[in-house]
Amino acid sequence: MRHFQFVSALAACALAGSACRTSIFATSLDGGPDAGTSPDGGPIDGGPLAAVRTNIKHLFIIFQENRSFDHYFGTYPGADGIPLNPDGGFAVCVKDPSLDGGCQRPFHDNRDVNSGGPHGHANAVADIDDGGMDGFVIEQETGLTGCGNPTNPACSGVLKDVMGYHDRREIPNYWAYADQYVLLDHQFESDSSWSLPAHLYMVSQWSALCVDAQGAQSSDPDDCTSNLDLANPPTGYIWAWTDLTYLLHNANVSWKNYIVEGADPDCDEGEMTCSPKPQLADVPTIWNVLPQFVTVRQDDQLTNVVPFDQFYLDAKNNQLPNVAWFFPAQEVSEHPPASISIGQAYVTGIVNAIMESPAWPTSVIFVLWDDWGGFYDHVVPPSVDQNGYGLRTPGLVISPWARHGFIDHQTLSFDAYPKFIEDVFLNSQRLDPQTDGRPDPRPTVREAVPILGDLTTDFDFTQSPVQPALILPQCPGGDFSDAGYACQDAGF
């Protein structure tokens, strides 16, 4: 595994217990009547948005892999977690024809490595099962096993674990961030599919293939049509529609995409199995999508996609951009069969470095997971358009201005992050074919979907003092008696 330059933890924090939490539907920064919307659906300047624009100058999105909300936070106090009976037992029992009882209940899973289940579009439909939310076990049992490419969305591992959940014992740092800052418990994947479409939505709010009338790849946005499967994208695939970097570049807003160089999570020809190969910042993969966007190439922005090690230099030298995405390699991704503890250490290292940098007082860090990975979740996704939403995934908002111990119940999706970037850095300009100067045939302007919540409500600029930096140990230990603790094995 490639060596990662993790910053040293400066202090260990007490992780036991749970902070007193607020869990209401927020309507403004102070809960008062000043929150509102402009004609385009964004918050009115002069209220919450003005405060965010004044105080937030750096935005970081850490995009991890393949965990549902219930899998990581289903037992978190105050969150919309796994349903319980009056006696405190789990009310859920998901059908499992292989068992005599016919169903499987949630269980605490203390393994550092999980298997998960199939998580393509067809699997999402089957897991949701017309709102029954009971297809997870059957899908895992019928998925492919022994795949050479672990990121193949048709694959299942050998463990029967989609009904398992983790808690503070395995992921203490993630729960500590939720205690101190903001936990999002109604965030849905933007699309009902796997990693590649999810990453495309994160940076462009659409997933499509662009093919001309002769069946050849096209750089013309008019040739793009919605596609959520993308199981076998053409070699050297081109994303011709408009992505967020087009607007950032035009507005002189600095951005970078930090790519962890390690095992490549993709196969050259889209085949179902392949041997791992190196992932490089300048090589497009399912987790490194920006180099193949036409806009990135036309605007000479390829040098903004950089190896992960550059991040620590930028943080140390006070050269962090306004907007940054962090995309992992397999080893640190938490994508089964990757280690949970190594993934948490990688995320903690990024958060610590930002907190120790001069950028921290004006920063917000969003920690997200790109799809549900086949793991159980009990909340039925809302209907938006023909492309989504998908299943619920966890989200954390970490900032010196974040509300303390707040659970945000708003309906959110990955579309909320481009919307927030547009609101803060682009004067609320949208990726809208009618107004952005580069039309494409996307079916929906996702920022304008009426049910989409507003991330500005997760901040409180009246709190005094502002939230302190929560520097955490990268390997805090964990209850992994059934499997080795890989974070310590890796020497972090």
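Let me sum up the structure you'll find in this document. (Residues numbered from 1 in each chain as written. Predicted model: local features only at pLDDT ≥ 70, side-chain atom pairs only at ≥ 80, totals over all residues. Heavy atoms only, no water.)

Right, let's talk about the packing of helix 9 (residues 309–316) against helix 10 (residues 340–355) for a bit. Put simply, helix 9 and helix 10 touch, their axes get as near as 9 Å, and they point 20° apart. The orientation of helix 9 relative to helix 10 falls into the category roughly parallel. Regarding helix 9 and helix 10, the two cross each other, and that crossing is left-handed. Here F311, Y312 and A315 of helix 9 come into contact with helix 10, specifically with G349, I350, A353 and I354. Partitioning the contact of helix 9 with helix 10 into residue classes produces six nonpolar, one polar and no charged. (Axes fitted to C-alpha atoms, helices over the stretch in contact; angles between N-to-C directions. Helix = DSSP H or I, 4+ residues; strand = E, 2+ residues; numbered from the N terminus. Parallel < 35°, antiparallel > 145°, perpendicular 65-115°, else oblique. Left-handed = near helix turned anticlockwise from the far one by under 90°. Contact = heavy atoms within 4.5 Å. Nonpolar A, V, L, I, M, F, W, Y, C, P; charged D, E, K, R; others polar.)

A separate point is the state of the cysteines. Counted by the stated rule, this structure contains four disulfides. What pairs with C475 in a disulfide is C487, and their sulfur atoms sit 1.8 Å apart. With the S-S bond torsion at -70°, the cross-link from C475 to C487 turns out left-handed. Highlighted residues: C475 in the loop between helix 11 (416–425) and helix 12 (486–489) and C487 in helix 12, separated in sequence by twelve residues. Each member of the pair C475 and C487 is classed as buried. (Disulfide = S-S within 2.5 Å. Buried < 20%, exposed > 50% of the residue type's maximum accessible area, 1.4 Å probe, protein only.)

This next bit is on the pairing of strand 10 (residues 255–259). Taking burial as the measure, the five residues of strand 10 include five buried ones, the bulk of the element. The two faces of strand 10 match: W255, N257 and I259 on one face and K256 and Y258 on the other face are all buried. Where strand 10 and strand 12 (residues 323–327) come together, five bridges link them in parallel fashion. Residue pairing in the sheet places N257 in a bridge with W325 of strand 12. Relative to strand 11 (residues 305–307), strand 10 is paired through three bridges, and the arrangement is parallel. Paired with Y258 across the bridge in strand 11 is V306. (Pairing = 2+ DSSP bridges.)

What follows concerns the pairing of strand 12. Counting buried residues in strand 12 gives five out of five residues, a clear majority hidden from the surface. Of the two faces of strand 12, both are covered, the one formed by V323, W325 and F327 as well as the one formed by A324 and F326. Here four bridges tie strand 1 (residues 58–64) to strand 12, and the two strands are oriented parallel to one another. Bridge assignment links F60 to a residue of strand 12, and that residue is A324.

We now examine the packing of aromatic side chains. A complete count under the given rule lists 31 aromatic pairs for this structure. For the ring pair Y72 and W369, a centre distance of 5.5 Å and an interplane angle of 85° mean the geometry is edge-to-face. Note that Y72 is positioned in helix 2 (residues 69–73) and W369 in strand 13 (residues 363–369), a separation of 297 residues in sequence. Look at Y72 and you get buried, because its relative accessible area is 0%. With centroids separated by 5.6 Å and ring planes inclined at 70°, the aromatic side chains of F90 and Y165 adopt a geometry described as edge-to-face. Taken together, the residues F90 in the loop between helix 2 and strand 2 (94–95) and Y165 in strand 5 (residues 164–165) connect sequence positions 75 residues apart. What makes Y165 buried here is its relative accessible area of 10%. Ring pairing ties together the aromatic residues F60, Y258, F308, F311, Y312, F326 and Y346, which thus form one cluster. The ring centre of F406 lies 4.9 Å from the NZ or CZ of R403, which sits over that ring. (Phe/Tyr/Trp six-rings, centres within 6.5 Å; stacked < 30°, edge-to-face > 60°. Lys NZ or Arg CZ within 6 Å of the ring centre and 35° of its normal.)

For the rest of this paragraph, the subject is the side chain of E447. If you trace the backbone, E447 turns up in the loop between helix 11 and helix 12. R430 provides the closest opposite charge to the buried, salt-bridge-free E447, at an N-O distance of 5.0 Å. Residues contacting E447, with those up to four places away along its chain left out, are Q205, K419, E422, R430, L431 and L452. (Lys, Arg positive; Asp, Glu negative; His and termini not counted. Salt bridge = Lys/Arg side-chain N within 4 Å of Asp/Glu carboxyl O.)

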